[in-house]
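Spelled out, the chains give:
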Amino acid sequence: MKQNITIKQIAQESNVSMATVSRYLNGTVTVSDEKRQQIEAVIAKYNFTPNTNARSLSLGRTMTLGIVIPDISNPYFYSLFLEIQREATLNGYTLLLYNTSFQQNHKEFEEEYFQKLIQHRVDGVLVLGGQIDLVSPSASYLRALNRLGEHLPVVVMGHPIPGSSCRFLEPENGSGVTALFHYLYSLGHRNIAFIGGNAGVRITETRLAAYRKLLTLHRLTPNPDLVVLTDYYASDGYQAALMLMENPLPFSAVIAANDNVAIGAIRAFRDKGLSVPAHISVASCDHFSSGEYFIPRITGIARDTYLLGRLLIDTLLQNIRGTREDSSIDFSTRLWEGESCQGF
């Protein structure tokens with residue numbers, strides 16, 4: 001049951017100052033994990049709810065953040081959104097979500113949503129992919145994004161745009177493909193294919209560049225027929241695998257754009273009488289937690305969505321408060337070893 005309790009009482013019970021409690025509730029300054037846990041324990045004990053209307057008026061803020069996502073049904077973006085939502089809630093913010101359905105070619109939605117976010121007067125915006133992922137975004141999109149950045153604090157997960165007032169974080173650097181290639185090579189594989197993703201999408205181009213560099217490094221002959229770009233969903237992995245099998249070129253391993261693509265490819269191989277990993281090894285550039293329950297469990301690159309979600313929110317809140325900190329960011333990944341690969 002909710003009980004009336006003051007900030008002063010919260011401070012006394014959590015053994016911190018009233019100023020620290022106020023900073024935590026207002027989200028104006030980052031509070032240490034230890035103090036935050038003490039405060040949250042007291043808040044949970046009394047089921048305390050701060051008066052957000054009064055706080056918003058005093059701060060001149062709406063305590064709302066906008067978030068623009070290209071496809072909320074994608075397991076990667078869904079898990080990332082949950083972490084962002086959790087971290088935003090801890091800082092006293094609610095989220096206004098716009099799902100642009102970018103993969104269904106609704107590119108115009110992004111520009112419309114940018115304008116709506118300005119009209120809603122949110123305190124800041126996170127842009128997680130979409131046209132920013134393209135090697136060559138449209139001129140109208142760039143104008144809309146720059147206009148958004150001129151009105152609001154904006155953090156974009158994507159490649160930096162010169163001269164933009166937005167802040168950019170670019171997690172993809174090709175290290176995942178490098179780890180997968182070395183892993184498959186160590187298992188004896190030499191004919192390694194790459195499937196999924198889209199041409200002209202920066203994340204795909206970055207991964208392909210790493211893949212081709214590794215072929216050269218290991219003195220393996222690059223063959224364009226072992227690269228099949230389709231998209232990021234299971235049906236795309238299925239079609240890509242069929243195209244590989246129609247080729248006379250031998251291959252013993254496949255690097256898939258993500259677990260969705262890997263699942264589709266494994267189904268296609270099985271429909272043609274091939275078993276994974278007995279006949280073909282399959283590894284994924286983006287490991288989803290659901291991949292741990294697929295048969296076989298899919299080997300892939302695990303990305304820390306908890307850390308990334310917290311980093312995105314912390315960066316946006318820094319921009320909102322005017323306390324931006326430029327520091328080196330580690331987007332390291334790790335190889336999650338499942339059951340979909342074996343020695344050749």
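Residues numbered from 1 in each chain as written. Predicted model: local features only at pLDDT ≥ 70, side-chain atom pairs only at ≥ 80, totals over all residues. Heavy atoms only, no water.

Undergrad: What am I meant to see in the overall build of the protein chain here?
TA: Counting secondary structure elements, the protein chain contains twelve helices and eleven strands. With the principal axes as the frame, the protein chain shows a C-alpha extent of 75 × 45 × 35 Å. Every one of the 344 residues in the protein chain was classed for burial, and the buried ones make up 49%. Intrachain contacts of the protein chain at a sequence separation of at least 6 include 73% that bridge at least 24 residues. Seen as two clouds, the 30 positive and the 32 negative side-chain charges of the protein chain have centres 5 Å apart. (Helix = DSSP H or I, 4+ residues; strand = E, 2+ residues; numbered from the N terminus. Buried < 20%, exposed > 50% of the residue type's maximum accessible area, 1.4 Å probe, protein only. Contact = heavy atoms within 4.5 Å. Lys, Arg positive; Asp, Glu negative; His and termini not counted. Charge placed at Lys NZ, Arg CZ, Asp CG, Glu CD.)

Undergrad: How should the nonpolar core be read in this particular structure?
TA: Across soluble globular proteins, nonpolar side chains have a tendency to be buried as a group. Of all hydrophobic cores here, the largest spans 46 residues; its most connected members are Ile-195, Tyr-211, Val-254 and Phe-269. Broken down by secondary-structure element, the contributors of at least two residues to this core are helix H8 (175–186), strand S6 (192–195), helix H9 (202–217), strand S7 (227–228), helix H10 (234–246), strand S8 (253–256), helix H11 (259–271) and strand S9 (281–284). With six residues, the single largest contributor to this core is H11. Counting 23 residues, the second largest nonpolar core, distinct from the first, contains Ile-67, Ile-69, Ala-88 and Tyr-93. (Core = buried A, V, L, I, M, F, W, Y, C linked by side-chain atoms within 4.5 Å.)

Undergrad: Looking at this structure, I do not really get empty space enclosed by the protein. What am I missing?
TA: Under the criterion given, the structure shown has one cavity of 30 Å³ or more. As a volume, the largest cavity reaches approximately 560 Å³. In this structure, the largest cavity is lined by 28 residues; those nearest its centre are Tyr-76, Phe-77, Asp-133, Met-157 and Ile-203. Only helix H5 (75–90) and H9 provide two or more residues apiece to the lining of the largest cavity. Sorting elements by how many residues they give to the lining of the largest cavity places H9 first, with four residues. In the lining of the largest cavity, the residues fall into twelve nonpolar, eight polar and eight charged. (1 Å grid on protein atoms, 1.4 Å probe; cavity = no way out; pocket = protein on both sides within 12 Å on 5 of 7 lines; lining within 4 Å. Points joined across faces, edges and corners; volume = space filled by probe spheres on them. Nonpolar A, V, L, I, M, F, W, Y, C, P; charged D, E, K, R; others polar.)

Undergrad: What is the right way to read the side chain of Asn-258 from this model?
TA: Relative to the helices and strands, Asn-258 is located in the loop between S8 and H11. What makes Asn-258 buried here is its relative accessible area of 3%. Among the polar contacts made by the side chain of Asn-258, one reaches the main-chain amide nitrogen of Val-261 at a distance of 2.9 Å. The contact partners of Asn-258, leaving out residues within four places of it in the chain, are Tyr-232, Ser-284, Cys-285, Asp-286 and Phe-288. (Polar contact = N/O pair within 3.5 Å; in protein donor to acceptor, adjacent residues only side chain to side chain.)

Undergrad: Is there a simple way to explain the environment of Ala-283 in this structure?
TA: Here Ala-283 is to be found in strand S9. Apart from residues no more than four positions distant in its own chain, Ala-283 is found in contact with Leu-180, Val-254, Ile-255, Ala-256, Thr-299 and Cys-341.

Undergrad: What am I meant to see in H9 here?
TA: What sets the pattern is the α-helix's 3.6 residues per turn: residues three or four places apart point alike. Compared with an ideal rise of 1.5 Å per residue, which puts 16 residues at 22 Å, H9 spans 22 Å between its outermost C-alpha atoms and is within 8% of the ideal. All buried positions along H9 are accounted for by Thr-204, Arg-207, Leu-208, Ala-210, Tyr-211, Leu-214 and Leu-215. Projected down its long axis, H9 carries its buried residues within an arc of 160°, all on one side. Away from its buried face, by an angle of more than 90 degrees, H9 presents the exposed residues Lys-213, Thr-216 and Leu-217. (Expected span 1.5 Å × (residues − 1). Arc of directions from axis to C-beta.)

Undergrad: What's the story with the sheet that holds strand S3 (residues 124–128) in this structure? I'm lost.
TA: Backbone hydrogen bonds hold the strands of a sheet together, and the pairing may be parallel or antiparallel. The five strands lie next to each other as S2-S1-S3-S4-S5, forming an open sheet whose pairing is parallel. Each edge of the open sheet is held by one strand with a lone partner, namely strand S2 (94–99) and strand S5 (167–169). Sheet twist, expressed as the average angle between the axes of neighbouring strands with direction ignored, equals 20°. Pairing of strand S4 (residues 154–157) with S5 involves three bridges; the strand directions are parallel. Among the inter-strand pairings, Val-155 is bridged to a residue of S5, identified as Arg-167. In the packing of helix H6 (residues 108–120) onto the sheet, the strands contacted are strand S1 (64–69), S2 and S3, and the crossing angle to S2 comes to about 155°. (Pairing = 2+ DSSP bridges. Axes fitted to C-alpha atoms, helices over the stretch in contact; angles between N-to-C directions.)

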